[in-house]
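Here is how the chains run, residue by residue.
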Amino acid sequence: MTLPRLLAAAGHDRAASLDEHIALHGPLPRGGAELVEATRLAGLTGRGGASFPTAVKLRAVADQRGPRFVLANGAEGEPMSAKDSTLLELAPHLVLDGALAAADAIGGARVVVAVPADAEFAWTAVRRALAERHDARRVSVVRVPVAYLAGEESALIRHLNGGPLLPTVVPPRPFERGLKRRPTLVQNVETLAHLALIARHGPTWFRDVGTAEQPGSALVTVSGAVGRPGVCEIACGATLADVLTTVGGVTEPLRAVLIGGYHGTWLPGDRDLIKLDDRSLAASHASLAAGVIVALGASACPVQETAQVLGWLAGESAGQCGPCRNGLPGIADQLGAMAAGVAPPGAEELVARWSRDVARRGACNLPDGAVRFVASGLREFAAEWEAHRRHGPCRACPRPTMLAVPPEERLAAA
Amino acid sequence: MSEHLRIDPIACTGHGLCAELLPEWIELDDWGYPIIDGGPIPEDLLAHARRAADTCPKLALALVTGAGRR
C-alpha cells in the first residue's frame, strides 16, 4: 500500500466504521511481545514531537512488574496542529488497534485514550468505535483540557490522576510510575496507528516509505498561505515543495516557513527543496516534531507573529519554575517593545541572556522550546526586527496574525 | 563515583542561600534562582556543596551520586 496509509479511509469525511476499517486494513492479528522487536526493526519513532524510538518505550514498560497502562495521547497542545484529532475523527479503529496491540505487547495493559475537550468529532468517533468493538472492554476514553501543557506527558498524567494539569519533576518517568502510579506507556495516537499497521504488515513494509533513519509516513498540519490548509500524510523525507503542492500550492510568495510549531524553527521562504525528515532538517536547527508546517506569506509581519506567539507561550507556562515564570514574560515584554519600536537599548542582549537562563532549567521543556522559537525568529527575521526597532510598527503589523493564539478558534481539520 | 548537585526547579523558590554558601559553583540568575553546574563537584568543594544542600529551606537542592541531570 502506498500513501496514504493512516488516512487511507479519508476519502470519507467521517470515521471509518469497524466493517470499513477491516475491509481496508484486514483484521488486527493478535500478538504479544514480538511486536516490540518488529517495532524496533521498523524504526518507528514517536510522532508526538520528541521522535523517541517507540520500541525503547515499549520495552521499558514491558520490563516493569504489576498492572500497567497504555495512555493514547490525542491531546495536541500545539494550536496550529490538528493531525491527532483528525486521525481520531477519521480512523479511530486504527488508533484503538494500535493501543490494544501495544497493550498486549507490553504484557497486558489497560488503555486510556485522551481526547482534547474541544475535539467534539474526535470524541464522538472514538466513543462510537468503542461501541462497535468486542475487544475494547479494557479501553476508556477521557477528555482533557485544551492547553499547551496537555501535550506534556507528566502534566497530563498528573491531571488524569486527579491533580492539576502541571508538569512534575522527572524521574520517576511514566514508564516507572504513571497512571494510578502504575507503569504507563504514553504514546501519541498517530504513533499507535503506525503500530497497528506494523502489527499487520511488518517492519519491511513500514520501511517502504520514508528515509532509512526516519522510516514510514507522518501526518502534518499545513496552514498559512496555502490553497487548502489542513492535515495530510507525507513520506518522511518528502520535500517541502511536494507538501505545499499537496495542499494546493502557495497563495502568495512566502517570507518564511515555520516547521515544528511553537517549539519549532523558521526557515527562509525559498527552501522548497528541503527534505522533511529530522536528519535533513537538523542542518537548519529544525525538526519535524509533531508535523506543524505554517507558510508565512510575504504580506504578513514576521516580527509581530514571533512576538505574539512568545507572549502566548509565556501565558501557557505553568509558573511552577522560577526561570520560566519570570523569564518568558520578560522575554515577551522585550520582544513586544522591540516590535513597537520602543525597546530600551540592549533589549536584544537581554533577550539573548534570558533565553540562555531559562533553557533547560524547568521541570518540562516548555521554556526550552519557547526560546528555541525566539532564537529562530530573531535570526531569520533580523532585518525586520532592525526595521521595527528603528521605525516602529510596519504596515503589516495591524493585520491579524497568521499564527493562532487561543482562545481564538482552533484550526479546522481538513 | 562522583557527586553532583541537582535542583528540583518546582520546589526551588529562589532563597539564594546555596549561592552564598557555594559561590564557586552556583550563581544566581536575574530573578534570584540558582544556575547550577551539573558536573562532578571537585573534592575541595564537596563539604560546602553538602552544606548548601542541607541548608536549602525548600529541600530543593540535592547532592546525588552518579550523573546528575541538572
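Please read these numbers as outputs of a predicted model, since none were measured by experiment.

1. Notes on the overall build of chain B
- Helices and strands together make up the secondary structure of chain B, namely 2 helices and 4 strands.
- Shown N-terminal to C-terminal, the secondary structure of chain B runs as helices and strands in the order β-α-β-β-α-β.
- Over its C-alpha atoms, taken along the principal directions, chain B stretches across nearly 30 × 20 × 20 Å.
- A total of 70 residues make up chain B; the buried ones form 31% of that total.
- When contacts within chain B are restricted to residue pairs at least 6 apart in sequence, long-range pairs at least 24 apart make up 66% of them.

2. Considering the overall build of chain A
- Within chain A one finds 15 helices and 9 strands.
- Expected size for 414 residues packed as a compact globule is a radius of gyration near 22 Å; at 21 Å, chain A falls within 12% of this value.
- Its C-alpha atoms put chain A at 65 × 45 × 35 Å along the principal axes.
- Across the 414 residues that make up chain A, the buried fraction comes to 57%.
- Long-range contacts, defined here as pairs at least 24 residues apart, represent 72% of the contacts in chain A between residues at least 6 apart.

3. Digging into the sheet that holds strand β2 (residues 110-116) of chain A
Residues and elements named next belong to chain A.
- Within the open sheet, the 4 strands sit side by side as β3-β2-β1-β4. Their pairing is parallel. Each edge of the open sheet is held by one strand with a lone partner, namely β3 (139-144) and β4 (184-188). For this sheet the average axis-to-axis angle between neighbouring strands, irrespective of direction, equals 20°.
- For strand β1 (residues 69-73) and β4, the ladder comprises 5 bridges, and the chain directions are parallel. Paired with Asn-73 across the two strands is Asn-188, which belongs to β4.
- Along the sheet face, helix α8 (residues 189-206) touches β1 and β4 and points at about 95° away from the line of β4.

4. Section: the interface of chain B and chain A
- Between chain B and chain A, the contact holds 11 residues from the first and 11 residues from the second.
- Partitioned by chemical class, the residues of the side of chain B that touches chain A number 6 nonpolar, 1 polar and 4 charged.

5. A look at the pairing of β1(A)
All names here are of chain A.
- Burial of β1 is extensive: 5 of the 5 residues sit out of reach of the surface.
- Taking every second residue as pointing to the same face, both faces of β1 are buried, with Phe-69, Leu-71 and Asn-73 on one and Val-70 and Ala-72 on the other.
- One ladder, built from 5 bridges, connects β1 with β2; its direction is parallel. Of the residues in β2, the one forming a bridge with Asn-73 is Ala-114.

6. Some points on helix α2 (residues 34-42) of chain A
Residue and element names in this part refer to chain A.
- Within α2 the residues assigned to the buried category are Leu-35, Val-36, Ala-38, Thr-39 and Ala-42. Buried positions in α2, seen along its axis, are confined to an arc of 165° and lie on one side of it.
- Among the residues trailing α2, Gly-43 stands out with phi positive, at a value near 75°.

7. Some remarks on the sheet that holds strand β8 (residues 265-268) of chain A
Residue and element names in this part refer to chain A.
- Pairing in this open sheet of 5 strands is mixed, and the strands run β6-β5-β9-β7-β8 from one edge to the other. The strands lining the two open edges of the sheet, one partner per strand, are β6 (230-235) and β8. The average angle at which neighbouring strand axes cross in this sheet is 30°, direction not considered.
- As paired elements, strand β7 (residues 254-259) and β8 share 4 bridges and run antiparallel to each other. When the bridges of β8 are listed, Ala-256 appears paired with Pro-268.
- Contacting β5 (217-224) and β6, helix α4 (residues 83-90) crosses the sheet at an angle of about 120° to β5.
- Relative to β8, helix α14 (residues 366-380) is tilted by about 20°, and along the sheet it contacts β7 and β8.

8. A look at the packing of helix α13 (residues 347-358) of chain A against α14(A)
All names here are of chain A.
- Relative orientation of the contacting elements α13 and α14 amounts to 150°, with a least axis distance of 9 Å. With respect to each other, α13 and α14 are oriented roughly antiparallel. When the axes of α13 and α14 are compared, the crossing they make is left-handed. Facing α13, whose interface residues are Val-351, Ser-355 and Val-358, α14 presents Pro-367, Val-371, Val-374 and Ala-375.
- Among the residues forming the contact of α13 with α14, the class breakdown is 6 nonpolar, 1 polar and no charged.

9. Side note on the nonpolar core
- One finds A:Val95, A:Ala99, A:Ala102 and A:Val257 to be the most contacted residues of the largest nonpolar core, which totals 140 residues.
- Those residues in contact with A:Ala99, other than ones at most four positions away along the chain, are A:Val70, A:Ala72, A:Val111, A:Val113, A:Val139 and A:Leu192.
- By size, the runner-up hydrophobic cluster in this structure holds 17 residues, among which are B:Leu5, B:Cys18, B:Trp25 and B:Ala49.

10. Considering unusual backbone geometry
Residue and element names in this part refer to chain A.
- At the junction of Leu-3 and Pro-4, the peptide bond is cis and its omega measures out at -5° in the coordinates.
- The topology assignment puts Pro-4 in the segment before α1 (18-25).
- Phi is positive for Ser-51, which is not a glycine, with a value near 55°.
- A positive phi angle, near 60°, is found at Arg-360, a position not held by glycine.
- Mapped onto the elements of the fold, Arg-360 is located in the loop between α13 and α14.
- On the basis of neighbour counts, which here come to 15 C-beta atoms within 10 Å, the residue Arg-360 falls in the partly exposed class.

11. Considering the confidence of the model for chain A
- A residue-level look at chain A finds 97% of positions with pLDDT of 70 or above and a mean pLDDT of 94.
- Taken as a whole, residues 408-414 of chain A scores under 50 in pLDDT and shows 17 contacts with residues more than four places along the chain or in a different chain.

12. What to know about the environment of A:Ser284
Residue and element names in this part refer to chain A.
- Considering the arrangement of structural elements, one finds Ser-284 in the loop between α10 (278-282) and β9 (292-297).
- Residue classification places Ser-284 among the partly exposed positions, given that 16 C-beta atoms sit within 10 Å.
- C-alpha of Ser-284 to C-alpha of Arg-395: the two residues are 111 residues apart in sequence and 30 Å apart in space.
- Apart from the residues within four sequence positions on either side, Ser-284 is in contact with Thr-265, Leu-267 and Ile-274.

Here is what the cut-offs are and how they apply
- Residue numbers restart at each chain and count upward from 1, following the sequence in its written direction.
- Here the convention is simple: chains get letters from A, ligands get numbers from 1, in the order in which they are written.
- Only residues with pLDDT of 70 or above have their local features reported here, since the model is predicted, and side-chain atom pairs are shown and tallied only from 80 upward, although totals for entire chains, interfaces and linings are computed over all residues.
- What counts as a helix is a DSSP run of H or I of at least four residues, what counts as a strand is a run of E of at least two, and both are numbered from the N terminus.
- The exposure scheme places C-beta atoms from the backbone and then counts, for each residue, the other C-beta atoms within 10 Å of its own, assigning buried at 20 or more, exposed at 12 or fewer, and partly exposed in between.
- Any pair of residues counts as being in contact when their C-beta atoms, constructed from backbone geometry, are within 7 Å of one another.
- It is over C-alpha atoms that the radius of gyration is taken, and the globule rule equals 2.2 Å times the number of residues to the power 0.38.
- Strands qualify as paired when DSSP identifies two bridges or more between them.
- To get an axis, fit a line to the C-alpha atoms, keeping to the stretch in contact for a helix; angles then go from 0 to 180 degrees between the N-to-C directions.
- Residue classes follow a fixed rule: Ala, Val, Leu, Ile, Met, Phe, Trp, Tyr, Cys and Pro count as nonpolar, while Asp, Glu, Lys and Arg count as charged, and any other residue, Gly among them, counts as polar.
- In this context, the arc is that of the directions from the helix axis out to the C-beta atoms.
- Small angles under 35 degrees read as roughly parallel and large ones over 145 as roughly antiparallel, with 65 to 115 read as roughly perpendicular and the rest as oblique.
- In this scheme the crossing of two helices becomes right-handed for a clockwise turn of the near helix relative to the far one and left-handed for an anticlockwise turn of less than a right angle.
- Defined on buried residues, the nonpolar core groups Ala, Val, Leu, Ile, Met, Phe, Trp, Tyr and Cys residues joined through C-beta atoms within 7 Å.
- Looking at any residue, its pLDDT shows the predictor's confidence there, from 0 to 100.

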